[in-house]
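Chain and residue survey
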Amino acid sequence: MTEQHYSEETELLARYAKAMGHPARVAILRFLARQEHCYFGDIHEELPIAKATVSQHLKELKEAGLIKGEIEAPKVKYCIDRQNWEKARQMMADFMAPCACKSADCCG
């Protein structure tokens, strides 16, 4: 079986989409997008899930590059990574461009 090779842009779009593939992570991103920055406790208070679960979701978003975290002992401050956020926004918009199929029942 041959290995598939995808463009860097396709790989990056998939990484962003995967990171946003959980309702809690979408909620975290929405919350952070409305803030200049916030601390872990603020996020935990916003979401009705355990601290450990919030931490795992923050880790996923940070690894995807959608958020940044900065230690300000004893707290951790989080914010949207504005450069990657804009890149993800544009990539999603381009990906979701109008479909060639103009009919509502083009598969029917």
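Worth saying up front: this structure is predicted, and the values here are computed from it rather than measured. (Residues numbered from 1 in each chain as written. Predicted model: local features only at pLDDT ≥ 70, side-chain atom pairs only at ≥ 80, totals over all residues. Heavy atoms only, no water.)

**A short note on the environment of Leu 13**
For the record, the criterion: Only DSSP runs of H or I reaching four residues or more are called helices, and only runs of E reaching two or more are called strands; each is numbered from the N terminus. In this scheme, a residue with accessible area under 20% of its type's maximum is buried, one over 50% is exposed, and one in between is partly exposed, where area comes from a 1.4 Å probe on protein chains only. For this analysis, residues touch if any pair of their heavy atoms sits within 4.5 Å.
Looking at where Leu 13 falls in the secondary structure, it is placed in helix H1 (residues 8-19). Note on Leu 13: relative accessible area 16%, which makes it buried. In this structure, the C-alpha to C-alpha distance between Leu 13 and Gln 90, residues 77 residues apart in sequence, is 10.0 Å. The residues touching Leu 13, leaving out its near neighbours within four places in the chain, are Met 91, Met 92 and Phe 95.

**Some points on the packing of helix H2 (residues 23-33) against helix H4 (residues 51-64)**
For the record, the criterion: Orientation is described by axes fitted as lines to C-alpha atoms, over the contacting stretch for helices, and by angles from 0 to 180 degrees between their N-to-C directions. Each angle gets one of four labels, with under 35 degrees taken as roughly parallel, over 145 as roughly antiparallel, 65 to 115 as roughly perpendicular, and the rest as oblique. Residues were grouped as follows: Ala, Val, Leu, Ile, Met, Phe, Trp, Tyr, Cys and Pro as nonpolar; Asp, Glu, Lys and Arg as charged; and all remaining residues, including Gly, as polar.
One way to put it is that H2 packs onto H4 with a least axis distance of 10 Å and a crossing angle of 70°. Looking at the two axes, H2 sits roughly perpendicular to H4. The residues of H4 that touch H2, namely those facing Ala 24, Arg 25, Ile 28 and Leu 29, are His 57, Leu 58, Glu 60 and Leu 61. Looking at the contact of H2 with H4, its residues break down into five nonpolar, one polar and two charged.

**Structural notes on unusual backbone geometry**
In the segment running from Ala 73 into Pro 74, the intervening peptide bond is cis, with an omega of 5°. Following the sequence through the fold, Pro 74 ends up in the loop between strand E2 (67-72) and strand E3 (75-80).

**Describing the side chain of Lys 77**
Threshold: In protein, a polar contact means a hydrogen-donor-capable atom and an acceptor-capable atom, both N or O and within 3.5 Å, with residues adjacent in sequence counting only if both atoms are side-chain atoms; elsewhere, any N or O pair within 3.5 Å suffices.
Within the secondary structure layout, Lys 77 lies in strand E3. Exposure remark for Lys 77: the relative accessible area of 17% places this residue in the buried category. Side-chain polar atoms of Lys 77 contact the side chain of Glu 72, separated by 3.0 Å. Other than its neighbours up to four places away in sequence, Lys 77 contacts His 37, Cys 38, Tyr 39, Lys 68, Gly 69, Glu 70 and Glu 72.

**Some remarks on the pairing of E2**
Using the following cut-off: Strand pairing requires that DSSP identify at least two bridges connecting the strands.
Examined bridge by bridge, E2 and E3 share six bridges and lie antiparallel to one another. Bridge pairing in E3 links Ile 67 to Ile 80. Taken together, E2 and the strand that follows it, E3, pair antiparallel across an intervening segment of two residues.

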